[in-house]
Amino acid sequence: MVKKGILILIGLFAIVSCGTKSGVNSQEEIRDYKNISFKALSPETVASFQNNKKTTQVLVEPDNFVWGLSVVKWEGKYHAYYARWNKKYEHKGWMTNCEIAHAVSDNAEGPFEFVNVVLKDKKTTGWDLNNSHNPYATIAEGKICLYYIANDIKDLLKKDGIEYPTQDWFENNRKPIRDSQRIGVAIADNPNGPFVRSEKVVVEPDNEKFKKIAVNPAVIYQNNQYLMIMKGDDLKYENPFRIQLVGSSKNPEGPFEFKKKPVYAKAQTEDACMWFDQVMNKYYMVCHVMGKKDLALFNSEDGFDWQQDERSVFMKKEFVLSDGTIWKPKRVERPFVLTNEKGQPTMIYVAVYDNKVNGNIAIPIEYKKANK
């Protein structure tokens, strides 16, 4: 009986402690984020990225640019949804030739193995005929809700009398295409799909709180409602000035009611990632403040009124390597923070551009207790 009891205790410990191989485990409750740090990358990991070679912590593809992902844990496996497009379209292809792919791994840091394409770039019906980008997945009410952006260009095509654009048309119409970007959602019963796309646009500019675009959705399900942070253009400026607004809905397809007050009004922001920390009973957001060399951290008591956290910089846009050197890629964007069952950070994924390679890198999050 003693041995049996010990085995049961060991089994229970294993269940409670499951998560990432490294970083914060579910036994450790973080009371603040002051002492969060990031596991150093090995020089070999950086070399793999720069040589466009997929490995643990590195998600790249030989024929495609990869940019931004979202990860959910489902039945013990980690499912990544990421944006990709053929390299022949160059970096600008993100806006017109992008699809959303799905890959799976036994570990949060990967390596992730490609499974299927869940949202194509070219569709035959629906509001979202062209493009699928900015994936953001959340598990809610037993389903996977995959939020994304696409181009609502039906009126543009009708005006020009064409059914679907050529590449020349894309090149000649980038500004109106940019302003046609809208948010949708596709819902599935399991990670492989099929994902059923929303019949209507989920979020579009209302020209009262924001204008022109609705992009970069970050969505969580908390307190029986869907909470979204998204990016639009500020009404006060003639030229594009990006602001992030927060809204809520009882349904995944909306309608979302947005607050007029921006998440942060002092500078342009984008690429939000949001979570709810059950231990600290607060909402948190990491985002890119444009023009800054770091990813900023914000918090909120209710999910609507946001302020900069005491730890204002969540992570610098650079990486400390295990040999003590610093790697500063040309671009570090699209942060996504994976949390454990208590809503505490365990992994951050970022989109990186360097050495003519576009891809995603996973960095385990560590928590070092403060010295007393």
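Residues numbered from 1 in each chain as written. Predicted model: local features only at pLDDT ≥ 70, side-chain atom pairs only at ≥ 80, totals over all residues. Heavy atoms only, no water.

Focus on the sheet that holds strand β14 (residues 257–258)
Phase 1: Across the sheet, which stays open at both edges, the 4 strands sit in the order β11-β12-β13-β14 with antiparallel pairing between neighbours. Of all the strands in the sheet, just β11 (211–222) and β14 have a single pairing partner and so form its edges.
Phase 2: Summarising the sheet, β11 and strand β12 (residues 225–233) pair through 7 bridges and their orientation is antiparallel. Residue pairing across strands places Y221 opposite Y226, the latter belonging to β12. (Pairing = 2+ DSSP bridges. Helix = DSSP H or I, 4+ residues; strand = E, 2+ residues; numbered from the N terminus.)

Re the pairing of strand β23 (residues 357–367)
Phase 1: Of all 11 residues that make up β23, 10 are buried, and the element is covered over most of its length.
Phase 2: Strand direction decides the pairing type here: strand β1 (residues 36–38) and β23, joined by 3 bridges, are antiparallel. Bridge pairing in β23 links S37 to E366.
Phase 3: Both strand β22 (residues 345–354) and β23 contribute to a ladder of 8 bridges, which runs antiparallel. Across the sheet, V352 pairs through a bridge with G359, a residue of β23. (Buried < 20%, exposed > 50% of the residue type's maximum accessible area, 1.4 Å probe, protein only.)

Quick look at helix α2 (residues 43–50)
Phase 1: For α2, the full list of buried residues reads T45, V46, S48 and F49. End-on, the buried residues of α2 take up no more than an arc of 155 degrees, which puts them together on one face.
Phase 2: Tucked inside the fold, the buried residues of α2 contact β2 (58–59), β20 (326–327), β22 and β23.
Phase 3: Trailing α2 by a residue or two, N52 shows a phi angle of about 60 degrees, which is positive. (Arc of directions from axis to C-beta. Contact = heavy atoms within 4.5 Å.)

Considerations on the sheet that holds strand β6 (residues 113–119)
Phase 1: The antiparallel open sheet is built from 4 strands, whose spatial order is β3-β4-β5-β6. Of all the strands in the sheet, the pair left with one neighbour each is β3 (64–74) and β6. Along the sheet, successive strands turn relative to each other by an average axial angle of 30 degrees, direction set aside. (Axes fitted to C-alpha atoms, helices over the stretch in contact; angles between N-to-C directions.)

So, the packing of aromatic side chains
Phase 1: Going through the model one piece at a time under the given rule, you end up with 20 aromatic pairs.
Phase 2: Between W127 and Y148 the ring centres are 6.2 Å apart and the planes differ by 20 degrees, which places this aromatic pair in the stacked class. Residue W127 is found in the loop between β6 and β7 (130–140), and its partner Y148 is found in strand β8 (residues 143–151); the two are separated by 21 residues along the sequence.
Phase 3: Ring centres of F336 and Y349 lie 6.4 Å apart, and the angle between their planes is 40 degrees; on these two criteria the pair is classed as tilted. In this pair, F336 sits in strand β21 (residues 331–339) while Y349 sits in strand β22, placing the two residues 13 residues apart along the sequence.
Phase 4: For Y349, a relative accessible area of 2% puts it in the buried group.
Phase 5: Put simply, the rings of Y33, F38, W275, Y284 and F314 pair up and form one aromatic cluster.
Phase 6: For K122, the ring lying beneath its charged end belongs to Y164, and the centroid distance is 4.7 Å.
Phase 7: If you follow K259 out to its NZ or CZ, it ends over the ring of F304, 5.2 Å from the centre. (Phe/Tyr/Trp six-rings, centres within 6.5 Å; stacked < 30°, edge-to-face > 60°. Lys NZ or Arg CZ within 6 Å of the ring centre and 35° of its normal.)

A few points about the environment of E90
Phase 1: Looking at where E90 falls in the secondary structure, it is placed in the loop between β4 (77–86) and β5 (99–105).
Phase 2: Sequence separation between E90 and F195 is 105 residues, and the spatial gap between their C-alpha atoms is 28 Å.
Phase 3: Setting aside its immediate chain neighbours within four residues, E90 contacts F65 and W85.

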